[in-house]
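Coordinates in review
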Amino acid sequence: MKDKIMKLAKRYQIFILLLVINIVVLVISPNVGRKAFQMTGSNMLEMLSVLPPIFILLGLLDVWVKRETMIKYMGDNSGMVGVLLAFFLGSAAAGPLYAAFPVAGVLLKKGSKLSNVFIMLGAWSTTKIPLILFEASALGLKFMLVRFMMDLIGIAIISYITEKSLTQKDKDVIYQKAQQTE
Amino acid sequence: MTIALYVIAMIALAISFFKSREKTLHALKRAWKSFENILPQFLSILIIIGMMLALLTPEQISKLLGSESGWYGVLIAAAIGSITLIPGFVAFPLAAALLKSGAGYMQIAAFISTLMMVGIVTMPVESRYFGKKATLVRNAAAFGFSLIVALVMGVVL
C-alpha cells in the first residue's frame, strides 16, 4: 500500500510541485494566482469533456483492429489510402494536440507508417473540421481558406522533413516505445 | 463536434458490447490505462497554461502585435503562439479582436499557425511517444512553416 502511494506520488511529482507553486503565487499575489486557478479549472473542464470519447475510441481501436488490418490500410505499402485515412482521422478529431499523442502511439503500435502518423498529427493540429468552421466565422472565409490550402501543403512537408530526419535506428526506437506504452 | 464524437464513441461501444462483452471491457480498461498513463503530464500542462494565461493577458498581446510591428511582431507572435496553448474557441475570437484593435494579418497568421502546430509546453509528452529528435524536428519545421504562412498571408490579404 505504502509502495503504491509512493509510486503514485512519484508519477505526479511535477504536477504536485506546480500545484504548490500556484498556491504560493495565490498567497503572494492573490489576483494572478486566482486567475491562474480559474484558467486551469476551465481548461480542465474542456479537457475532461473532450477526452472520454477519444480514449474510448482509442481503446476500441486497440482491441478490435488487427495489426494486419492497420498495416494494410496505414502501413508501409498503404500508399495514398494511408495518407488520406491519416488526414481524415486527424481532421475528424476534437481536442487539443496533446490528446493526439496517445492516439499516435496506438497507430504506431499497430504498425502504421511513421509518415502517416505525422500526417495525422498535422491534420489534428491544424485542419480539424470544427476549428476550421470556427476560424472562418471569426477571421473570415478568405483567411481560413488561404491558411487551409497552405496547411495541406505544410502538413505534407513537415511530415516529410520529420521522417527524413530520422535514421532507421531512431524509427526503431519510436516503434519500440509504442509497443511498451499500453 | 464533441457531441458527434460522443455519439460515435457510444455507438461503437454498443456495437462492440453486442459483439463481445469481454473485448469491450478490455477496451475500456485499455482506454482508462492510456488515459491514466498520460494524466500526470496532462495535469502539469494545464497548470502551466493556466499560469501563463494569468500572466499574459489579451491586452498585453495586443500591444505587442500591432500591424506596424512588422517582422519583429511576426516573430513575437510566433513565439507567443509556440509557447502558449490556448483552446481554439478562445484563440479565434482573441485573434479577431486583435485584428480589430490594430494587429496585422501577418502577425495574426503567425500567432494562429504556431499556436496550433508548435507546442513547446507539450514537448515532454510528444517526446514520450516520438523521442527527442523527432519532436524537435517536427516543432522546428512547424515553426518555420508558420513564418511562411505569415509571409503569404501578408501578401494575399
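Everything discussed here concerns the structure shown above.
For the structure given in this document, a descriptive report is provided here.

Calculation rules
Residues numbered from 1 in each chain as written. Chains lettered and ligands numbered in written order. Predicted model: local features only at pLDDT ≥ 70, side-chain atom pairs only at ≥ 80, totals over all residues. Heavy atoms only, no water. Helix = DSSP H or I, 4+ residues; strand = E, 2+ residues; numbered from the N terminus. Contact = heavy atoms within 4.5 Å. Buried area = accessible area lost by both parts, 1.4 Å probe. Salt bridge = Lys/Arg side-chain N within 4 Å of Asp/Glu carboxyl O. Polar contact = N/O pair within 3.5 Å; in protein donor to acceptor, adjacent residues only side chain to side chain. Patch = residues over 30% accessible without salt bridge, like charges linked within 9 Å, V, L, I, M, F, W, Y side chains within 5 Å. Areas by Shrake-Rupley, 256 points an atom, 1.4 Å probe, with all protein chains shown as cover. Buried < 20%, exposed > 50% of the residue type's maximum accessible area, 1.4 Å probe, protein only.

Secondary-structure assignment places Glu135 of chain A in helix α8 (residues 129-139). Other than its neighbours up to four places away in sequence, Glu135 of chain A contacts Gly140, Phe143, Met144 and Arg147 of chain A together with Phe92 of chain B.

So, about the interface of chain A and chain B. Listed by partner, the interface residues are 76 residues for chain A and 77 residues for chain B. Taken together, the two surfaces of chain A and chain B that pack against each other cover about 7000 Å², and 78% of this comes from carbon and sulfur. Our count for the chain A to chain B interface comes out at 3 salt bridges. In this structure, Lys133 of chain B engages Asp170 of chain A in a salt bridge whose closest nitrogen and oxygen atoms are separated by 2.8 Å. The interface formed by chain A and chain B holds 9 residue pairs in polar contact (both at pLDDT 80 or more) in total. At the level of secondary structure, the elements contributing two or more residues to the side of chain A that touches chain B comprise α1 (2-11), α2 (13-28), α3 (30-64), α6 (100-109), α7 (114-126), α8, α9 (141-165) and α10 (168-180) of chain A.

Turning next to a nonpolar patch on the surface. All names here are of chain A. Together, Ile16, Val20, Ile23, Val24, Val27 and Ile28 make up an exposed nonpolar region whose accessible area comes to about 550 Å². Among the secondary structure elements, Ile28 is positioned in helix α2. Residue classification places Ile28 among the exposed positions, given a relative accessible area of 67%.

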